[in-house]
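# A look at the structure
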Amino acid sequence: MSVVDVSVAELSSARDLAVSDALRKLALVWTDFEARLEATPLIRKLTRGRFELADYQNFLINLRQQVKDGSLWMSRAASSIDEQHLELRSTLMKHAVTEHRDFRMLEADYVAAGGTLSAIQNAKKNIGSEALSGWMFNEASQRNPFGLLGAMFIIEGLGSIKAQEWGKLAHDRLGLPKDAFNFLLYHGENDAEHMREFEEMLALVLPDEQVAERIVTCAKVVARLYVMQIEEIAA
Amino acid sequence: MQHANRDAVLRDAYITGSGVFLPGDPVANDRIEDFIGRVGGRASSIGPRALRWNGIRTRHYALTPQGEPLHSNASMSAKAVQAALADAGLGRENLQMLATATTQGDYLVPGHASAVHGELGGAPLELASFQSVCASSLMALKAATASVRTGEHECAAIVAGEFSSRWFRPGFYENTALLDGKGRLTMEADFLRFTLSDGAGALVLEDKPRRDRTCLRIEWIDLTSLAGSYDPCMWAGAPQALRADMMQAWSHAGPKASHANGAIALLQDFALLKVIIRAWIGVYLQKVDSGRIVPEQVDWLLFHYSARSLRQEIVDILQSTRAMIPEEKWFTTLPDTGNIGAASIFVMLDALVKSGKVNPGERILCVVPESGRAMVGFVMLEMVAGASFT
């Protein structure tokens, strides 16, 4: 094995270690986040069988405002990434394109659940969504905002882990047709694929202790602000 | 019995013997309902699904096929203690403390430990009686360990016993709200009937290692409850819709009304279980992250849960975070002894030690998750060689 081979092997093993370390810390942020979500009044209603149509409509209204901003901060983040990290920039841009119409699905679900289009389109952001969105755009405007990978971990986790769970509970409880639950039930499929993609993104910016720490910090901030957003949804 | 010295140094505690009592012959999957009965006279449609999920092939019941009890929880627990004392080369007269664990004892009052001491007979004992679900086993082990380590006792026994099958007989479900319009038992109630079974497992704890053979040194025991964040997930005492409101507990409604509204049977919320599995994994990952558990330094894993019940997403997370303990290090008796609730971990430990597979210096990690209200416990053990005569 040549000297070059050795250093390549060492580099890739250091990268693997850094990626699994970051993932472990992110998984811990996630479980804390999930426990906090369970304790919010809206999710308590859902899990305790007290969830009403008005709760679901409110939920959709409030999600829409945040989902609409999701691809926008991702685009902003992509535009803040320098030319040394074009691969990551491409990935973020692709993500933004994939998701930038998702809020339309929420609007359709809302109408299928008996609401009017103008009501969901004209609703204001709640203060949790305000804080979440404002913070995201600020972070995305920094040079090389790699910490936002932590934000993506939380937001994607909501899609792949919580959305279906909530969708099933709401569907069972409310007895509305399935087409009122498209966003929650069918939006976050293909877990394993997402996870692999996320690991690849981490490998583009790690190992780097400061970046790793920022990723975990951003995940924590987003988790807290997201909980605040859910707390603010009251029927 | 000696009193602890204020300046005493903590001693090590060693598991010097173990014993198991499994009632009757192993019962195969196709005979389960011959013992626990058929609700409304009909075979369960949920049973086969439950068995595919939990992977259990045989289990033991302390009932005759007619549903008559052959034992009590206390008598099975006492037999396991006697077996463990015999394995340790000791007798009832050496015992100073008894710590017991169960999900549901034979009586409502007093505690299970009193019933087991009654069965064992003999001289006065210090008792500790723990009631929860699976993790009650580790509460009992921790209490006994603390007593031995602080020098309050030289010899303690820990026993966990379960007699779940009696609660699964049709009388607990028929004429209750747990049956749907067609007379079928709800999934929340029926699933557990094909998951839990009977038996007891016991350990003997001493302040000195054995001279004649290997024994297990207790490195540490950690128990974490997340009940502050989660509603009950496996419970008896309230119907599902009311389970988070303790003012609606069965004891307030009275026995007849509670039976009718399905509050007496053991129930499980499967949607919440998925969330709680992730919460358990979170506690485990925290221990890996802080260095309390180093996966590469674990030689044997006794996980009171079947590997096949863990969804692929969980295995993926464990692997991608370098927290997975490879499956060849897992040891279980679950497929053959069934899930015996609190007793399972001691039954598995007994089988692992007696298999002769564990060498001195190897470390055993026991993980006991309890879905009751989101709890999980861990024990780290080290196999030590027999102490030399000096």
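Residues numbered from 1 in each chain as written. Chains lettered and ligands numbered in written order. Predicted model: local features only at pLDDT ≥ 70, side-chain atom pairs only at ≥ 80, totals over all residues. Heavy atoms only, no water.

### Things to note about the sheet that holds strand S5 (residues 126-131) of chain B
All names here are of chain B. To be explicit about the condition: What makes two strands pair is DSSP finding at least two bridges between them. In this description a helix means any DSSP run of H or I spanning at least four residues, a strand means any run of E spanning at least two, and both kinds are numbered starting from the N terminus. A fitted line through C-alpha atoms represents every axis, and for helices the fit uses only the stretch in contact; the resulting angles, taken between N-to-C directions, go from 0 to 180 degrees. The criterion used for residue contact is that any of the two residues' heavy atoms lie within 4.5 Å.
Taken together, the nine strands give an open sheet; going across it, the order is S5-S4-S6-S7-S1-S8-S13-S12-S11, and neighbouring strands pair in mixed fashion. Of all the strands in the sheet, just S5 and strand S11 (300-303) have a single pairing partner and so form its edges. In this sheet, neighbouring strand axes are inclined to one another by 25° on average, regardless of whether the strands run parallel or antiparallel. Strand direction decides the pairing type here: strand S8 (residues 215-225) and strand S13 (residues 375-384), joined by 10 bridges, are antiparallel. Of the residues in S13, the one forming a bridge with Leu216 is Met383. Sitting on the sheet, helix H3 (residues 73-87) is in contact with strand S1 (14-21), strand S4 (97-102), strand S6 (155-162) and strand S7 (199-206), with an inclination near 135° to S1. Its contacts with the sheet put helix H9 (residues 270-290) on S8, strand S12 (363-370) and S13, and the angle it makes with S13 is roughly 45°.

### Side note on the environment of Leu60 of chain A
Residue and element names in this part refer to chain A. Here is the rule: Per-residue accessibility, obtained with a 1.4 Å probe over protein chains only, is compared with the maximum for each type, and a residue is labelled buried under 20%, exposed over 50%, and partly exposed between these values.
In this fold, Leu60 is placed in helix H3 (residues 53-79). Leu60 gets classed as buried once you look at its relative accessible area, which sits at 0%. Taking C-alpha positions, Leu60 is 32 Å from Glu200, a pair spaced 140 residues apart along the chain. Excluding anything up to four places from it in sequence, Leu60 contacts Leu106, Asp109, Tyr110 and Ile120.

### Quick word on the pairing of S12 of chain B
Residue and element names in this part refer to chain B. Burial of S12 is extensive: eight of the eight residues sit out of reach of the surface. Side chains of S12 alternate between two faces, with Arg363, Leu365, Val367 and Pro369 and Ile364, Cys366, Val368 and Glu370 buried alike. Of the strand pairs in this sheet, S11 and S12 are connected by four bridges, and their pairing is parallel. By the bridge assignment, Leu302 is partnered in S12 with Cys366.

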